[in-house]
Amino acid sequence: MTLKRLLFNKITFILVLVAIAAGGWMLWQSRGAEIKYRTAEAKTADITQAVSANGTLKPVVLVNVGTQVSGTVKKLHVDFNDQVKQGQVLLELDPAVLDAQVQQTQANLASARASLDLATANEQRAQTLFKQDYISRQELDQAIQQARTTRAQVDQVSAQLGRDRTNLGYTIIRSPVSGVVVSRAVDLGQTVAASFSTPTLFQIAQDLRQMQIDTAFAEADIGSIKPGQAVQFTVDAYPNRNFTAAVKQVRLNATVTQNVVTYNVVVGVDNPDSVLLPSMTAYVSVITAQRSNVLTVPNAALRFRPPSSGAAPAAPAKRDVIAKAPPPEGAVAEGGDGAAPAEKGSRRRPGSKSGGSKEGSNSAQGAAAGAGQPTVTRGVVYVLGADKQLRRVPVRLGISDGRVTEVLGGEIKSGEQIVTGIEDASAGAAGPATGTFRMRLF
């Protein structure tokens, strides 16, 4: 019995030693594994902050030419893209019906004038007879009233004749302005009806060398947009070409669609070579702030947190060519609650929210940047030293373009390696062993 107990204790002791050795080996492996970090240099560069939206190119003056009378198109004098002068004949309607109406009214006028001549003669005759006491005063008054009534009928028919002649003149459609024919909505032989509304026959752009872009910006961004600000935009027809313009007007009439409030911003565009055409879609970026030769860090560095802090590295933000960027995740507005705004999309459609969440300082930052005083935010970056150790550095941040952020203050120099993420996520996720190896004893 004593031999069995000694053998059992010996086996138990050996198993405990094996377990301790295995735990020590696992702990050594976890601590000895080297974490590889992705880094980027803190650089001195120029930075531009902007707010973006989509819009539609339109002529500054676009005239819809219609007709006030109905009829059949008899002659077409212009076509698409034709240059026209003010007063030039564009189209002629068949005047047969209106011409007959004019002739009928002329006949009615002749009849009314004949009746007026008779009534006038009767009035003069009645006045002579009344002076000789051959007729009563009542008969004289009746003759005078008949003459006045006939004279009023002549005036009424004369006015009708004038209206009929005007309608006859409306069968010839003339250009109200000088410009280019953008649209033609009728063909030869087509009947146009102007009974309830005026049909549009032509659209004439007065000058395609001066155009405008109608855009819709979200209420979170409208505070940073002012008339006169510089604008850059692109169109799908020329994807590799950037066009410049300026904010012309911020219209006060808001549009509410599914509880989303947007404001129409009109951008004035010079088009001297006429390469921009009406109805093109423009991807507009209104520049709200610019900085030259400033220290910048990638936005990914502001979102990075070491594995030991218990926070997983955030996914990289989507990028814009030129886009307004709210303070990146990890950057907190001074005096704020530290909530991080949502990420931006690469391109927004009109009517969509073009900023971050309300908790972020997106709208406040944009408004202050438009006034020349950008909102200062706080953040933290990690610098990788020569000894492969991380150094936590608090920084004060300025404007951002969606990819990099301006550094206003902090112990960072140009050329230092800033950590933006972990190269091997599985290695970074592995931490020191915290469990306890347990063996069940018999």
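Before reading on, note that the structure itself is shown above.
The rules behind these values
- Residues numbered from 1 in each chain as written.
- Predicted model: local features only at pLDDT ≥ 70, side-chain atom pairs only at ≥ 80, totals over all residues.
- Heavy atoms only, no water.
- Helix = DSSP H or I, 4+ residues; strand = E, 2+ residues; numbered from the N terminus.
- Contact = heavy atoms within 4.5 Å.
- Areas by Shrake-Rupley, 256 points an atom, 1.4 Å probe, with all protein chains shown as cover.
- Pairing = 2+ DSSP bridges.
- Phe/Tyr/Trp six-rings, centres within 6.5 Å; stacked < 30°, edge-to-face > 60°.
- Lys NZ or Arg CZ within 6 Å of the ring centre and 35° of its normal.

Okay, the overall build of the chain next. Counting secondary structure elements, the chain contains 7 helices and 20 strands. In the chain, 75% of the contacts between residues at least 6 apart in sequence involve partners at least 24 apart. Carbon and sulfur atoms make up 51% of the accessible area of the chain, which amounts to about 25,800 Å² in all.

Let us now look at the sheet that holds strand β5 (residues 83–84). Strand order in the open sheet formed by 4 strands is β3-β10-β8-β5, with antiparallel pairing between adjacent strands. Where the open sheet ends on each side, the last strands, each with one partner, are β3 (62–66) and β5. Across 2 bridges, β5 lies against strand β8 (residues 179–184) in antiparallel orientation. Within β8, the residue paired with valine 84 across the bridge is glycine 179.

Bringing the packing of aromatic side chains into the picture now. The geometry of an aromatic ring pair is captured by the separation of the ring centres together with the interplanar angle, meaning the angle of the planes. Within this structure, the stated rule accounts for 4 aromatic pairs. Arranged with centres 6.1 Å apart and planes meeting at 90°, the rings of tyrosine 37 and phenylalanine 304 form a pair that is edge-to-face. Note that tyrosine 37 is positioned in strand β1 (residues 37–41) and phenylalanine 304 in the loop between α5 (299–303) and β16 (332–333), a separation of 267 residues in sequence. Taking 6.3 Å as the distance between ring centres and 70° as the angle between the ring planes, the aromatic pair formed by tyrosine 238 and phenylalanine 243 counts as edge-to-face. Members of the aromatic cluster, each reached through a chain of ring pairs, are Tyr37, Phe304 and Tyr382. Taking the ring centre of phenylalanine 130 as reference, the NZ or CZ of arginine 137 above it sits at 5.3 Å.

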